[in-house]
Amino acid sequence: MSNQFVASTIALAAVVAVASLMPPPAIAQPEGWVTESVCPDNTATVFHRCALEAAQAFDPPRVPDGGPDLGGIWRLRAPGMYEDLEAHPRTEDDQGGPGGIVDPPDGKVPMHAWADARRRENADSYIHHNAACLLSGVPETMYMGGTFQFLQTPEQLLMLSEDAHAYRSIPLDGRSHISENIRLWNGDSTGHWEGNTLVIETTNQNGKPWLDQRARFYTEEAYVVERLTLIDANTLHYEATIDDPNVYTQPFTIVLAYRRSTVEGFEIMAMACYENNEALMDLYRGVGYGTYPGISAAEAREALEAGR
Amino acid sequence: MKALVMLTASAASLILFSTAGQAQEAAGQTYTPPRTSYGNPDLQGIWQVLNTAVWDIEDHSGSLGVPAGQGVVVGGQIPYQTWATAQRHENYENRLTADPEASCKMVGVPRITYMPYPFQIVQTPAQISILYEYVHSLRNIYMNSSHPQDVIEAPWMGDSRGDWDGDTLVVDSIHFTDQTWFDRSGNFHSESLHVVERYTRTGPDHMLYEVTIEDPEVFTEPWQMSMPLYRRQEDNARLLEYECYAYLEGEVDRKRSD
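Reading the values: rules and limits
- Residues numbered from 1 in each chain as written.
- Chains lettered and ligands numbered in written order.
- Predicted model: local features only at pLDDT ≥ 70, side-chain atom pairs only at ≥ 80, totals over all residues.
- Helix = DSSP H or I, 4+ residues; strand = E, 2+ residues; numbered from the N terminus.
- Buried ≥ 20, exposed ≤ 12 C-beta atoms within 10 Å, placed from the backbone.
- Contact = placed C-beta atoms within 7 Å.
- Expected span 1.5 Å × (residues − 1).
- Bend = angle between axes of the 7 residues up to and from the residue.
- Pairing = 2+ DSSP bridges.
- Nonpolar A, V, L, I, M, F, W, Y, C, P; charged D, E, K, R; others polar.
- Core = buried A, V, L, I, M, F, W, Y, C linked by C-beta atoms within 7 Å.
- Axes fitted to C-alpha atoms, helices over the stretch in contact; angles between N-to-C directions.
- pLDDT = per-residue confidence, 0-100.

A. The arrangement of the overall build of chain B in detail. Looking only at helices and strands, one finds 4 helices and 9 strands in chain B. Element order for chain B, N to C, with α for helix and β for strand: α-β-α-α-β-β-β-β-β-β-β-β-α. Counting across all 258 residues of chain B, residues that qualify as buried make up 38%. A sequence separation of at least 24 residues applies to 59% of the contacts in chain B between residues at least 6 apart.

Below, the structure written as C-alpha coordinates:
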(Lines give C-alpha, C1' and ligand atoms only; values in the text may rest on other atoms or scores of the structure.)
Protein backbone atom coordinates (compact mmCIF):
# COMPACT_ATOMS: atom_id res chain seq x y z
CA MET A 1 0.00 0.00 0.00
CA SER A 2 2.69 2.43 0.96
CA ASN A 3 4.62 1.48 -2.15
CA GLN A 4 1.64 2.35 -4.27
CA PHE A 5 1.26 5.65 -2.47
CA VAL A 6 4.90 6.48 -3.00
CA ALA A 7 4.67 5.53 -6.65
CA SER A 8 1.65 7.71 -7.31
CA THR A 9 3.19 10.60 -5.39
CA ILE A 10 6.29 10.35 -7.53
CA ALA A 11 4.17 10.17 -10.67
CA LEU A 12 2.24 13.25 -9.60
CA ALA A 13 5.40 15.15 -8.76
CA ALA A 14 6.80 14.22 -12.14
CA VAL A 15 3.68 15.49 -13.89
CA VAL A 16 3.69 18.74 -11.96
CA ALA A 17 7.36 19.23 -12.76
CA VAL A 18 6.86 18.37 -16.41
CA ALA A 19 3.72 20.50 -16.66
CA SER A 20 5.52 23.57 -15.44
CA LEU A 21 8.65 22.94 -17.45
CA MET A 22 6.89 22.06 -20.70
CA PRO A 23 6.55 25.37 -22.48
CA PRO A 24 8.17 26.96 -24.26
CA PRO A 25 10.57 24.74 -26.17
CA ALA A 26 14.11 25.55 -25.14
CA ILE A 27 15.50 28.00 -27.66
CA ALA A 28 19.20 28.54 -27.82
CA GLN A 29 20.22 32.15 -28.23
CA PRO A 30 22.29 32.10 -31.40
CA GLU A 31 24.83 34.78 -32.14
CA GLY A 32 23.56 37.68 -34.14
CA TRP A 33 20.45 38.52 -32.20
CA VAL A 34 20.28 42.29 -31.99
CA THR A 35 21.28 43.53 -28.58
CA GLU A 36 21.02 47.27 -29.11
CA SER A 37 17.68 49.00 -28.88
CA VAL A 38 16.61 52.60 -28.61
CA CYS A 39 14.63 51.63 -25.49
CA PRO A 40 15.47 49.41 -22.53
CA ASP A 41 13.11 46.48 -22.90
CA ASN A 42 13.41 44.31 -19.83
CA THR A 43 10.50 45.89 -17.98
CA ALA A 44 7.15 46.43 -19.71
CA THR A 45 6.29 49.75 -18.06
CA VAL A 46 9.70 51.32 -18.73
CA PHE A 47 9.78 49.99 -22.29
CA HIS A 48 6.24 51.17 -22.96
CA ARG A 49 6.90 54.77 -21.88
CA CYS A 50 10.10 54.99 -23.89
CA ALA A 51 8.66 53.21 -26.95
CA LEU A 52 5.64 55.49 -27.32
CA GLU A 53 8.02 58.43 -27.54
CA ALA A 54 10.58 56.72 -29.78
CA ALA A 55 7.86 55.69 -32.25
CA GLN A 56 7.06 59.36 -32.90
CA ALA A 57 10.58 59.98 -34.15
CA PHE A 58 11.06 56.82 -36.24
CA ASP A 59 10.30 56.64 -39.96
CA PRO A 60 10.01 52.90 -40.65
CA PRO A 61 10.86 51.12 -43.93
CA ARG A 62 7.75 50.17 -45.92
CA VAL A 63 6.64 47.32 -48.15
CA PRO A 64 5.82 48.29 -51.75
CA ASP A 65 2.18 49.52 -51.89
CA GLY A 66 1.79 48.93 -48.20
CA GLY A 67 2.42 49.99 -44.66
CA PRO A 68 5.54 49.80 -42.51
CA ASP A 69 7.47 46.58 -43.09
CA LEU A 70 7.12 44.37 -40.03
CA GLY A 71 8.60 41.33 -41.82
CA GLY A 72 11.48 39.40 -40.34
CA ILE A 73 12.49 37.08 -37.52
CA TRP A 74 11.50 38.40 -34.12
CA ARG A 75 12.40 37.23 -30.66
CA LEU A 76 10.33 37.95 -27.60
CA ARG A 77 12.30 39.70 -24.86
CA ALA A 78 10.30 39.22 -21.67
CA PRO A 79 10.45 35.69 -20.28
CA GLY A 80 7.74 34.04 -18.27
CA MET A 81 4.66 35.95 -19.45
CA TYR A 82 2.97 32.66 -20.30
CA GLU A 83 3.52 31.59 -16.70
CA ASP A 84 1.94 34.65 -15.14
CA LEU A 85 0.93 37.98 -16.68
CA GLU A 86 1.88 39.61 -13.40
CA ALA A 87 5.38 39.99 -11.95
CA HIS A 88 6.44 36.70 -10.37
CA PRO A 89 9.65 35.29 -8.93
CA ARG A 90 11.85 32.54 -10.26
CA THR A 91 10.97 29.27 -8.54
CA GLU A 92 11.33 25.57 -9.20
CA ASP A 93 8.22 25.80 -11.37
CA ASP A 94 8.72 29.19 -13.02
CA GLN A 95 11.52 30.97 -14.78
CA GLY A 96 9.93 34.14 -13.38
CA GLY A 97 9.51 37.54 -14.98
CA PRO A 98 8.66 41.18 -14.49
CA GLY A 99 5.08 40.83 -15.77
CA GLY A 100 3.65 42.67 -18.75
CA ILE A 101 0.68 44.70 -17.57
CA VAL A 102 0.95 48.47 -18.11
CA ASP A 103 -2.72 49.25 -17.50
CA PRO A 104 -3.98 49.19 -14.79
CA PRO A 105 -0.84 50.85 -13.43
CA ASP A 106 -0.57 48.49 -10.46
CA GLY A 107 0.37 45.69 -12.87
CA LYS A 108 -2.37 43.37 -11.60
CA VAL A 109 -4.92 41.51 -13.72
CA PRO A 110 -8.28 43.15 -12.87
CA MET A 111 -10.37 40.00 -12.47
CA HIS A 112 -13.82 39.95 -10.93
CA ALA A 113 -13.79 38.10 -7.59
CA TRP A 114 -15.86 35.18 -8.93
CA ALA A 115 -13.50 34.78 -11.88
CA ASP A 116 -10.41 34.90 -9.70
CA ALA A 117 -11.86 32.15 -7.48
CA ARG A 118 -12.84 30.12 -10.54
CA ARG A 119 -9.44 30.30 -12.17
CA ARG A 120 -7.76 29.02 -8.99
CA GLU A 121 -10.07 26.00 -9.04
CA ASN A 122 -9.45 25.47 -12.74
CA ALA A 123 -5.69 25.51 -12.26
CA ASP A 124 -6.05 22.42 -10.03
CA SER A 125 -8.22 20.49 -12.51
CA TYR A 126 -6.90 21.29 -15.95
CA ILE A 127 -3.57 21.41 -17.72
CA HIS A 128 -2.55 24.53 -19.57
CA HIS A 129 -3.72 24.12 -23.18
CA ASN A 130 -0.13 24.35 -24.40
CA ALA A 131 0.72 21.05 -22.69
CA ALA A 132 -1.91 19.43 -24.94
CA CYS A 133 -0.49 21.23 -28.03
CA LEU A 134 -3.70 23.23 -28.44
CA LEU A 135 -3.60 26.67 -30.02
CA SER A 136 -2.97 29.50 -27.56
CA GLY A 137 -5.53 32.04 -28.71
CA VAL A 138 -5.02 35.78 -28.88
CA PRO A 139 -2.99 37.29 -27.33
CA GLU A 140 -1.26 34.36 -25.59
CA THR A 141 0.04 32.97 -28.87
CA MET A 142 2.24 36.09 -29.04
CA TYR A 143 4.17 35.18 -25.87
CA MET A 144 3.80 31.40 -25.76
CA GLY A 145 6.82 30.73 -27.94
CA GLY A 146 10.02 32.76 -28.07
CA THR A 147 10.79 33.10 -31.77
CA PHE A 148 8.44 34.35 -34.48
CA GLN A 149 8.56 35.14 -38.17
CA PHE A 150 6.40 37.81 -39.75
CA LEU A 151 5.87 37.61 -43.51
CA GLN A 152 4.21 40.67 -44.95
CA THR A 153 2.55 41.33 -48.29
CA PRO A 154 0.36 44.32 -49.18
CA GLU A 155 -2.72 42.16 -48.50
CA GLN A 156 -1.77 40.43 -45.28
CA LEU A 157 0.59 39.81 -42.42
CA LEU A 158 1.47 36.23 -41.54
CA MET A 159 2.64 35.63 -38.00
CA LEU A 160 4.40 32.27 -37.74
CA SER A 161 5.28 30.79 -34.36
CA GLU A 162 7.60 27.92 -33.52
CA ASP A 163 5.16 26.80 -30.84
CA ALA A 164 3.10 23.91 -32.25
CA HIS A 165 3.57 25.40 -35.77
CA ALA A 166 0.84 27.93 -34.94
CA TYR A 167 0.19 30.58 -37.54
CA ARG A 168 -1.98 33.67 -37.75
CA SER A 169 -3.01 35.25 -41.03
CA ILE A 170 -4.04 38.89 -40.60
CA PRO A 171 -5.88 40.31 -43.62
CA LEU A 172 -5.10 43.99 -44.30
CA ASP A 173 -7.78 44.47 -46.97
CA GLY A 174 -10.50 46.02 -44.85
CA ARG A 175 -12.76 42.98 -44.70
CA SER A 176 -15.26 42.54 -41.89
CA HIS A 177 -15.39 39.82 -39.24
CA ILE A 178 -17.05 36.47 -39.81
CA SER A 179 -20.38 35.49 -38.25
CA GLU A 180 -20.42 35.34 -34.48
CA ASN A 181 -21.67 31.77 -34.79
CA ILE A 182 -18.19 30.70 -35.87
CA ARG A 183 -15.80 30.25 -32.95
CA LEU A 184 -12.12 29.61 -33.60
CA TRP A 185 -9.17 28.72 -31.39
CA ASN A 186 -7.25 31.78 -32.58
CA GLY A 187 -10.34 33.86 -33.33
CA ASP A 188 -10.89 36.00 -36.41
CA SER A 189 -8.39 38.83 -36.82
CA THR A 190 -8.49 41.85 -39.13
CA GLY A 191 -5.78 44.46 -39.41
CA HIS A 192 -5.51 48.07 -40.51
CA TRP A 193 -2.91 50.82 -40.33
CA GLU A 194 -3.25 53.80 -38.04
CA GLY A 195 -0.26 55.92 -39.03
CA ASN A 196 2.74 53.64 -38.60
CA THR A 197 0.93 51.30 -36.23
CA LEU A 198 -0.69 48.04 -37.29
CA VAL A 199 -3.94 47.65 -35.36
CA ILE A 200 -5.35 44.11 -35.18
CA GLU A 201 -8.84 43.46 -33.86
CA THR A 202 -9.68 39.92 -32.85
CA THR A 203 -13.15 38.52 -32.20
CA ASN A 204 -14.75 35.07 -32.58
CA GLN A 205 -12.42 33.33 -30.11
CA ASN A 206 -13.71 30.14 -28.48
CA GLY A 207 -12.51 31.07 -25.00
CA LYS A 208 -10.75 27.76 -24.37
CA PRO A 209 -7.13 28.87 -24.17
CA TRP A 210 -5.93 30.69 -21.06
CA LEU A 211 -3.92 33.90 -20.91
CA ASP A 212 -1.30 32.26 -18.69
CA GLN A 213 -0.53 29.19 -16.58
CA ARG A 214 -2.32 30.85 -13.65
CA ALA A 215 -5.46 29.83 -15.55
CA ARG A 216 -6.59 33.38 -16.32
CA PHE A 217 -9.43 32.77 -18.74
CA TYR A 218 -11.82 34.65 -20.99
CA THR A 219 -15.06 33.93 -22.81
CA GLU A 220 -16.07 33.92 -26.45
CA GLU A 221 -17.13 37.55 -26.10
CA ALA A 222 -13.56 38.71 -25.49
CA TYR A 223 -12.52 41.59 -27.72
CA VAL A 224 -8.79 41.95 -28.19
CA VAL A 225 -7.02 44.88 -29.84
CA GLU A 226 -3.30 44.55 -30.60
CA ARG A 227 -1.08 47.42 -31.71
CA LEU A 228 2.29 46.76 -33.35
CA THR A 229 4.76 49.58 -33.95
CA LEU A 230 8.41 49.63 -35.03
CA ILE A 231 10.28 52.01 -32.72
CA ASP A 232 13.64 51.54 -34.43
CA ALA A 233 14.87 49.28 -37.24
CA ASN A 234 15.15 46.26 -34.96
CA THR A 235 12.68 46.75 -32.11
CA LEU A 236 8.96 46.09 -32.20
CA HIS A 237 6.57 47.49 -29.61
CA TYR A 238 3.51 45.29 -29.05
CA GLU A 239 0.50 46.02 -26.91
CA ALA A 240 -2.71 44.07 -26.47
CA THR A 241 -5.86 45.25 -24.73
CA ILE A 242 -8.26 42.57 -23.55
CA ASP A 243 -11.89 43.48 -22.94
CA ASP A 244 -14.24 40.86 -21.49
CA PRO A 245 -16.48 42.62 -18.95
CA ASN A 246 -18.02 39.48 -17.47
CA VAL A 247 -14.60 38.24 -16.38
CA TYR A 248 -12.57 41.43 -15.87
CA THR A 249 -13.52 44.61 -14.03
CA GLN A 250 -11.99 46.77 -16.79
CA PRO A 251 -10.11 46.38 -20.07
CA PHE A 252 -6.42 45.80 -19.37
CA THR A 253 -3.29 46.16 -21.47
CA ILE A 254 -0.11 44.12 -21.72
CA VAL A 255 3.06 45.24 -23.50
CA LEU A 256 5.77 43.11 -25.08
CA ALA A 257 9.06 43.90 -26.80
CA TYR A 258 10.42 41.92 -29.73
CA ARG A 259 13.91 42.25 -31.17
CA ARG A 260 14.88 41.41 -34.73
CA SER A 261 17.29 38.59 -35.57
CA THR A 262 20.01 39.65 -37.92
CA VAL A 263 21.30 36.12 -38.44
CA GLU A 264 21.65 35.60 -42.18
CA GLY A 265 19.46 32.75 -43.42
CA PHE A 266 17.88 31.97 -40.05
CA GLU A 267 14.90 29.63 -40.49
CA ILE A 268 12.26 29.13 -37.84
CA MET A 269 11.12 25.59 -37.17
CA ALA A 270 7.52 24.54 -37.61
CA MET A 271 7.71 22.01 -34.80
CA ALA A 272 5.34 19.09 -34.49
CA CYS A 273 3.74 18.89 -31.04
CA TYR A 274 0.62 16.73 -30.82
CA GLU A 275 2.17 13.99 -32.96
CA ASN A 276 4.73 13.26 -30.23
CA ASN A 277 2.61 14.07 -27.17
CA GLU A 278 0.59 10.95 -26.50
CA ALA A 279 2.63 9.60 -23.57
CA LEU A 280 2.52 12.95 -21.80
CA MET A 281 -1.24 13.29 -22.22
CA ASP A 282 -1.71 9.78 -20.81
CA LEU A 283 0.38 10.81 -17.81
CA TYR A 284 -1.70 13.95 -17.19
CA ARG A 285 -4.95 12.07 -17.50
CA GLY A 286 -3.62 9.30 -15.30
CA VAL A 287 -3.36 11.72 -12.39
CA GLY A 288 -6.69 13.35 -13.08
CA TYR A 289 -5.98 16.38 -15.25
CA GLY A 290 -8.14 17.20 -18.26
CA THR A 291 -8.25 19.90 -20.90
CA TYR A 292 -10.16 23.05 -20.00
CA PRO A 293 -13.64 23.01 -21.56
CA GLY A 294 -14.11 26.80 -21.44
CA ILE A 295 -16.93 28.86 -20.00
CA SER A 296 -19.51 30.69 -22.08
CA ALA A 297 -20.21 34.40 -21.76
CA ALA A 298 -23.74 33.52 -20.59
CA GLU A 299 -22.38 31.39 -17.74
CA ALA A 300 -19.88 34.10 -16.86
CA ARG A 301 -22.65 36.73 -16.75
CA GLU A 302 -24.65 34.49 -14.45
CA ALA A 303 -21.68 33.95 -12.14
CA LEU A 304 -21.02 37.69 -12.07
CA GLU A 305 -24.64 38.49 -11.19
CA ALA A 306 -24.70 35.79 -8.51
CA GLY A 307 -21.64 37.34 -6.87
CA ARG A 308 -23.13 40.81 -6.70
CA MET B 1 21.11 5.13 -47.78
CA LYS B 2 19.70 8.60 -47.38
CA ALA B 3 22.87 10.17 -48.81
CA LEU B 4 22.55 7.93 -51.83
CA VAL B 5 18.96 9.00 -52.30
CA MET B 6 19.98 12.65 -52.15
CA LEU B 7 22.79 12.14 -54.66
CA THR B 8 20.55 10.41 -57.15
CA ALA B 9 17.63 12.71 -56.49
CA SER B 10 18.65 15.53 -58.80
CA ALA B 11 19.32 13.24 -61.74
CA ALA B 12 15.99 11.51 -61.28
CA SER B 13 14.23 14.84 -60.92
CA LEU B 14 15.61 16.05 -64.24
CA ILE B 15 14.21 13.06 -66.09
CA LEU B 16 10.87 13.31 -64.35
CA PHE B 17 10.66 17.06 -64.81
CA SER B 18 10.95 16.69 -68.55
CA THR B 19 8.13 14.13 -68.50
CA ALA B 20 5.99 16.52 -66.51
CA GLY B 21 6.84 19.37 -68.85
CA GLN B 22 5.74 17.31 -71.84
CA ALA B 23 2.44 16.55 -70.15
CA GLN B 24 1.86 20.27 -69.78
CA GLU B 25 2.69 21.01 -73.40
CA ALA B 26 0.42 18.21 -74.49
CA ALA B 27 -2.36 19.87 -72.51
CA GLY B 28 -1.80 22.97 -74.66
CA GLN B 29 -0.80 25.02 -71.67
CA THR B 30 -0.08 28.55 -72.84
CA TYR B 31 -1.47 30.65 -70.01
CA THR B 32 0.71 33.54 -68.87
CA PRO B 33 0.25 34.02 -65.14
CA PRO B 34 0.11 37.40 -63.42
CA ARG B 35 3.26 38.32 -61.56
CA THR B 36 4.14 39.65 -58.16
CA SER B 37 5.72 43.10 -57.85
CA TYR B 38 9.14 41.37 -57.79
CA GLY B 39 8.47 39.43 -61.01
CA ASN B 40 7.62 35.85 -59.98
CA PRO B 41 4.44 34.11 -61.15
CA ASP B 42 1.77 34.91 -58.57
CA LEU B 43 0.40 31.71 -57.03
CA GLN B 44 -1.22 33.40 -54.06
CA GLY B 45 -4.72 32.80 -52.89
CA ILE B 46 -6.89 30.09 -51.38
CA TRP B 47 -6.91 26.78 -53.26
CA GLN B 48 -8.47 23.36 -52.89
CA VAL B 49 -8.76 20.10 -54.84
CA LEU B 50 -11.97 18.53 -56.11
CA ASN B 51 -11.26 14.83 -56.29
CA THR B 52 -11.34 11.58 -54.31
CA ALA B 53 -7.59 11.27 -53.70
CA VAL B 54 -8.02 11.69 -49.96
CA TRP B 55 -9.73 8.28 -49.87
CA ASP B 56 -7.53 6.55 -52.38
CA ILE B 57 -5.05 8.02 -54.85
CA GLU B 58 -5.58 5.05 -57.18
CA ASP B 59 -8.74 4.17 -59.14
CA HIS B 60 -11.25 2.68 -56.72
CA SER B 61 -14.84 1.47 -56.44
CA GLY B 62 -17.32 3.06 -54.07
CA SER B 63 -18.14 1.76 -50.60
CA LEU B 64 -20.02 3.09 -47.58
CA GLY B 65 -18.87 6.68 -47.11
CA VAL B 66 -16.41 6.49 -50.01
CA PRO B 67 -17.39 7.65 -53.50
CA ALA B 68 -15.92 5.71 -56.41
CA GLY B 69 -13.07 7.66 -57.88
CA GLN B 70 -10.62 7.93 -60.72
CA GLY B 71 -7.10 7.97 -59.37
CA VAL B 72 -4.54 10.74 -59.55
CA VAL B 73 -1.59 8.38 -60.10
CA VAL B 74 -0.14 8.88 -63.58
CA GLY B 75 -0.32 5.54 -65.39
CA GLY B 76 -2.87 4.27 -62.90
CA GLN B 77 -0.82 2.12 -60.54
CA ILE B 78 1.77 2.67 -57.84
CA PRO B 79 4.89 0.56 -58.55
CA TYR B 80 5.24 -1.11 -55.15
CA GLN B 81 7.97 -3.60 -54.34
CA THR B 82 6.51 -7.03 -53.60
CA TRP B 83 6.77 -6.78 -49.80
CA ALA B 84 5.27 -3.28 -49.94
CA THR B 85 2.19 -4.50 -51.80
CA ALA B 86 1.55 -6.83 -48.86
CA GLN B 87 2.15 -4.00 -46.38
CA ARG B 88 -0.23 -1.74 -48.26
CA HIS B 89 -2.86 -4.48 -48.09
CA GLU B 90 -2.36 -4.80 -44.33
CA ASN B 91 -2.61 -1.02 -43.95
CA TYR B 92 -5.88 -1.11 -45.85
CA GLU B 93 -7.32 -3.77 -43.54
CA ASN B 94 -6.38 -1.66 -40.48
CA ARG B 95 -7.11 1.71 -42.04
CA LEU B 96 -9.83 2.88 -39.67
CA THR B 97 -7.38 3.02 -36.77
CA ALA B 98 -3.93 2.85 -38.37
CA ASP B 99 -4.38 5.86 -40.68
CA PRO B 100 -2.58 8.81 -39.03
CA GLU B 101 -5.50 11.02 -40.05
CA ALA B 102 -7.79 8.87 -37.87
CA SER B 103 -5.88 10.09 -34.81
CA CYS B 104 -5.74 13.67 -36.13
CA LYS B 105 -2.02 13.72 -36.83
CA MET B 106 -0.45 15.75 -39.58
CA VAL B 107 -0.71 13.91 -42.87
CA GLY B 108 2.54 14.87 -44.60
CA VAL B 109 3.29 15.80 -48.20
CA PRO B 110 1.74 15.62 -50.75
CA ARG B 111 -1.37 14.30 -48.93
CA ILE B 112 -1.99 17.63 -47.21
CA THR B 113 -2.59 19.17 -50.66
CA TYR B 114 -5.49 16.88 -51.55
CA MET B 115 -7.19 16.84 -48.16
CA PRO B 116 -10.76 18.19 -48.40
CA TYR B 117 -9.78 21.49 -46.79
CA PRO B 118 -8.57 24.75 -48.31
CA PHE B 119 -5.00 26.01 -48.14
CA GLN B 120 -3.50 29.42 -48.69
CA ILE B 121 -0.28 30.29 -50.52
CA VAL B 122 1.60 33.42 -49.42
CA GLN B 123 4.63 34.51 -51.41
CA THR B 124 7.67 36.63 -50.71
CA PRO B 125 10.86 36.58 -52.82
CA ALA B 126 12.84 34.38 -50.41
CA GLN B 127 10.11 32.28 -48.84
CA ILE B 128 6.77 30.83 -49.84
CA SER B 129 4.56 29.69 -46.99
CA ILE B 130 1.55 27.44 -47.39
CA LEU B 131 -1.03 27.52 -44.61
CA TYR B 132 -3.40 24.58 -44.45
CA GLU B 133 -6.72 24.53 -42.63
CA TYR B 134 -6.26 20.90 -41.48
CA VAL B 135 -4.73 21.08 -37.95
CA HIS B 136 -3.04 24.37 -38.87
CA SER B 137 -0.39 22.51 -40.85
CA LEU B 138 2.28 24.84 -42.17
CA ARG B 139 5.02 24.56 -44.74
CA ASN B 140 7.76 27.12 -45.11
CA ILE B 141 9.35 26.70 -48.53
CA TYR B 142 12.71 28.42 -48.75
CA MET B 143 13.78 29.58 -52.20
CA ASN B 144 17.31 29.23 -53.63
CA SER B 145 18.55 27.23 -50.69
CA SER B 146 19.49 23.64 -49.96
CA HIS B 147 18.26 21.00 -47.55
CA PRO B 148 20.05 20.82 -44.21
CA GLN B 149 22.12 17.65 -43.71
CA ASP B 150 20.14 16.67 -40.65
CA VAL B 151 17.08 17.79 -38.79
CA ILE B 152 16.59 17.85 -35.03
CA GLU B 153 13.41 15.81 -35.20
CA ALA B 154 11.60 14.31 -38.17
CA PRO B 155 9.31 17.08 -39.37
CA TRP B 156 5.95 15.64 -40.30
CA MET B 157 5.76 17.97 -43.26
CA GLY B 158 9.35 17.40 -44.42
CA ASP B 159 11.96 20.00 -45.30
CA SER B 160 11.02 21.96 -48.43
CA ARG B 161 13.19 23.97 -50.81
CA GLY B 162 11.80 25.85 -53.81
CA ASP B 163 12.96 27.04 -57.23
CA TRP B 164 11.34 28.54 -60.30
CA ASP B 165 11.47 26.52 -63.52
CA GLY B 166 10.11 29.08 -65.95
CA ASP B 167 6.64 29.88 -64.61
CA THR B 168 6.47 26.70 -62.53
CA LEU B 169 7.23 26.57 -58.82
CA VAL B 170 9.26 23.43 -58.12
CA VAL B 171 9.39 22.29 -54.49
CA ASP B 172 11.85 19.60 -53.44
CA SER B 173 11.13 17.96 -50.06
CA ILE B 174 12.98 15.35 -47.97
CA HIS B 175 13.50 14.52 -44.27
CA PHE B 176 10.10 12.90 -43.75
CA THR B 177 8.85 10.62 -41.03
CA ASP B 178 7.63 7.15 -42.08
CA GLN B 179 4.50 7.69 -39.97
CA THR B 180 2.38 9.32 -42.68
CA TRP B 181 0.36 7.72 -45.49
CA PHE B 182 -0.58 9.00 -48.94
CA ASP B 183 -4.31 8.45 -48.39
CA ARG B 184 -6.96 6.80 -46.22
CA SER B 185 -6.52 3.46 -47.98
CA GLY B 186 -3.02 2.72 -46.70
CA ASN B 187 -0.74 3.77 -49.55
CA PHE B 188 2.54 4.48 -47.77
CA HIS B 189 6.23 5.37 -47.93
CA SER B 190 9.38 5.17 -45.82
CA GLU B 191 11.64 7.84 -44.28
CA SER B 192 13.53 7.90 -47.58
CA LEU B 193 10.60 9.60 -49.29
CA HIS B 194 11.64 12.31 -51.72
CA VAL B 195 8.85 14.50 -53.10
CA VAL B 196 9.12 16.94 -55.99
CA GLU B 197 6.04 19.09 -56.54
CA ARG B 198 5.37 21.34 -59.51
CA TYR B 199 2.82 24.16 -59.22
CA THR B 200 1.87 25.69 -62.58
CA ARG B 201 -0.86 28.27 -63.12
CA THR B 202 -3.08 27.18 -66.03
CA GLY B 203 -5.69 29.92 -65.80
CA PRO B 204 -6.98 32.70 -63.55
CA ASP B 205 -8.53 30.19 -61.14
CA HIS B 206 -6.69 26.96 -61.88
CA MET B 207 -3.33 25.47 -61.17
CA LEU B 208 -1.78 22.19 -62.31
CA TYR B 209 -0.30 20.23 -59.41
CA GLU B 210 2.17 17.52 -60.39
CA VAL B 211 4.08 15.38 -57.93
CA THR B 212 6.96 12.99 -58.37
CA ILE B 213 7.38 10.40 -55.63
CA GLU B 214 10.67 8.64 -55.13
CA ASP B 215 11.34 6.11 -52.38
CA PRO B 216 13.67 3.26 -53.33
CA GLU B 217 12.87 1.40 -50.12
CA VAL B 218 9.21 0.99 -51.08
CA PHE B 219 8.80 1.45 -54.85
CA THR B 220 10.50 -0.16 -57.83
CA GLU B 221 10.74 3.19 -59.60
CA PRO B 222 9.69 6.85 -59.19
CA TRP B 223 6.07 7.60 -60.01
CA GLN B 224 3.83 10.63 -60.40
CA MET B 225 0.51 12.15 -59.44
CA SER B 226 -1.25 14.92 -61.32
CA MET B 227 -4.37 16.92 -60.51
CA PRO B 228 -5.81 20.39 -60.89
CA LEU B 229 -6.10 22.84 -57.98
CA TYR B 230 -9.07 25.17 -57.92
CA ARG B 231 -9.20 28.68 -56.53
CA ARG B 232 -11.96 29.14 -53.96
CA GLN B 233 -14.44 31.53 -55.54
CA GLU B 234 -16.44 32.79 -52.60
CA ASP B 235 -16.12 36.54 -52.00
CA ASN B 236 -15.52 35.84 -48.33
CA ALA B 237 -13.26 32.81 -48.84
CA ARG B 238 -10.81 32.42 -45.99
CA LEU B 239 -9.12 29.72 -43.99
CA LEU B 240 -11.02 28.84 -40.86
CA GLU B 241 -9.96 25.83 -38.82
CA TYR B 242 -10.15 22.10 -38.52
CA GLU B 243 -8.44 21.57 -35.17
CA CYS B 244 -8.96 17.83 -35.36
CA TYR B 245 -6.99 16.81 -32.27
CA ALA B 246 -8.46 19.60 -30.14
CA TYR B 247 -11.92 18.20 -30.86
CA LEU B 248 -10.64 14.68 -30.21
CA GLU B 249 -9.05 15.60 -26.84
CA GLY B 250 -12.29 17.33 -25.88
CA GLU B 251 -14.22 14.14 -26.63
CA VAL B 252 -11.82 12.06 -24.54
CA ASP B 253 -12.29 14.41 -21.58
CA ARG B 254 -16.07 14.45 -21.94
CA LYS B 255 -16.21 10.66 -21.95
CA ARG B 256 -13.95 10.51 -18.90
CA SER B 257 -16.14 12.86 -16.89
CA ASP B 258 -19.39 11.06 -17.80
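B. Spotlight on the overall build of chain A. Along its length, chain A carries 6 helices and 12 strands. Taking all 308 residues of chain A together, the buried fraction comes to 43%. Summarising the internal contacts of chain A: among those between residues at least 6 apart in sequence, 63% fall at separations of at least 24.

C. Molecular detail of helix α2 (residues 44-57) of chain A. Residues and elements named next belong to chain A. Across its 14 residues, α2 extends 20 Å between first and last C-alpha, which sits within 8% of the 20 Å expected from 1.5 Å per residue. The largest bend along α2 measures about 25° and falls at A51. The set of residues buried in α2 consists of A44, F47, H48, A51 and A55. Looking at the buried side of α2, the elements it contacts are β2 (101-103), β9 (223-232), β10 (235-243) and β11 (252-260).

D. Summary view of the pairing of strand β4 (residues 138-143) of chain B. All names here are of chain B. Of the pairings in the sheet, the one linking strand β3 (residues 127-132) to β4 comprises 5 bridges and is antiparallel in character. Paired with I130 across the strands is R139, a residue of β4. In textbook terms, the turn of a hairpin is the stretch between consecutive antiparallel strands, and for β3 and β4 this stretch comprises 5 residues, one of which, V135, has a positive phi near 40°.

E. Spotlight on the interface of chain A and chain B. At the junction of the two partners, chain A supplies 24 residues and chain B supplies 26 residues. Sorting the residues of the side of chain A that touches chain B by element identifies β5 (156-161), β6 (167-171) and β12 (290-291) of chain A as the ones contributing at least two each. Among the residues making up the side of chain A that touches chain B, the classes are represented as 16 nonpolar, 6 polar and 2 charged.

F. Region of interest: the nonpolar core. Core analysis: the biggest nonpolar cluster contains 121 residues, and F150, L158, M159, Y238 and L256 of chain A have the highest contact counts within it. Here F150 of chain A is in contact with L70, G71, G72, W74, L157, L158 and M159 of chain A, once residues within four sequence places are set aside.

G. Expanded view of the sheet that holds strand β8 (residues 206-214) of chain B. The 9 strands are arranged β1-β2-β3-β4-β5-β6-β7-β8-β9 (chain B) in a closed barrel whose pairing can be described as mixed. Taking each pair of neighbouring strands and ignoring which way they run, the sheet shows an average axis angle of 30°.

H. Quick look at unusual backbone geometry. The omega angle of the peptide bond from D103 of chain A to P104 of chain A is 5°, so this bond is cis rather than trans. Residue position: P104 of chain A is located in the loop between β2 and α3 (113-125). In the Ramachandran plot, A215 of chain A falls in the positive-phi region, its phi being about 65° despite a non-glycine side chain. Looking at the secondary structure, you find A215 of chain A in the loop between β8 (197-203) and β9. Positive phi, normally seen in glycine, also occurs at V135 of chain B, with a value near 40°. Turning to its location among the elements, V135 of chain B is positioned in the loop between β3 and β4.

I. Representation of the confidence of the model for chain B within the structure. A residue-level look at chain B finds 88% of positions with pLDDT of 70 or above and a mean pLDDT of 90. Across residues 1-23 of chain B, where pLDDT falls below 50, the model places 21 contacts with residues more than four positions away in sequence or in other chains.

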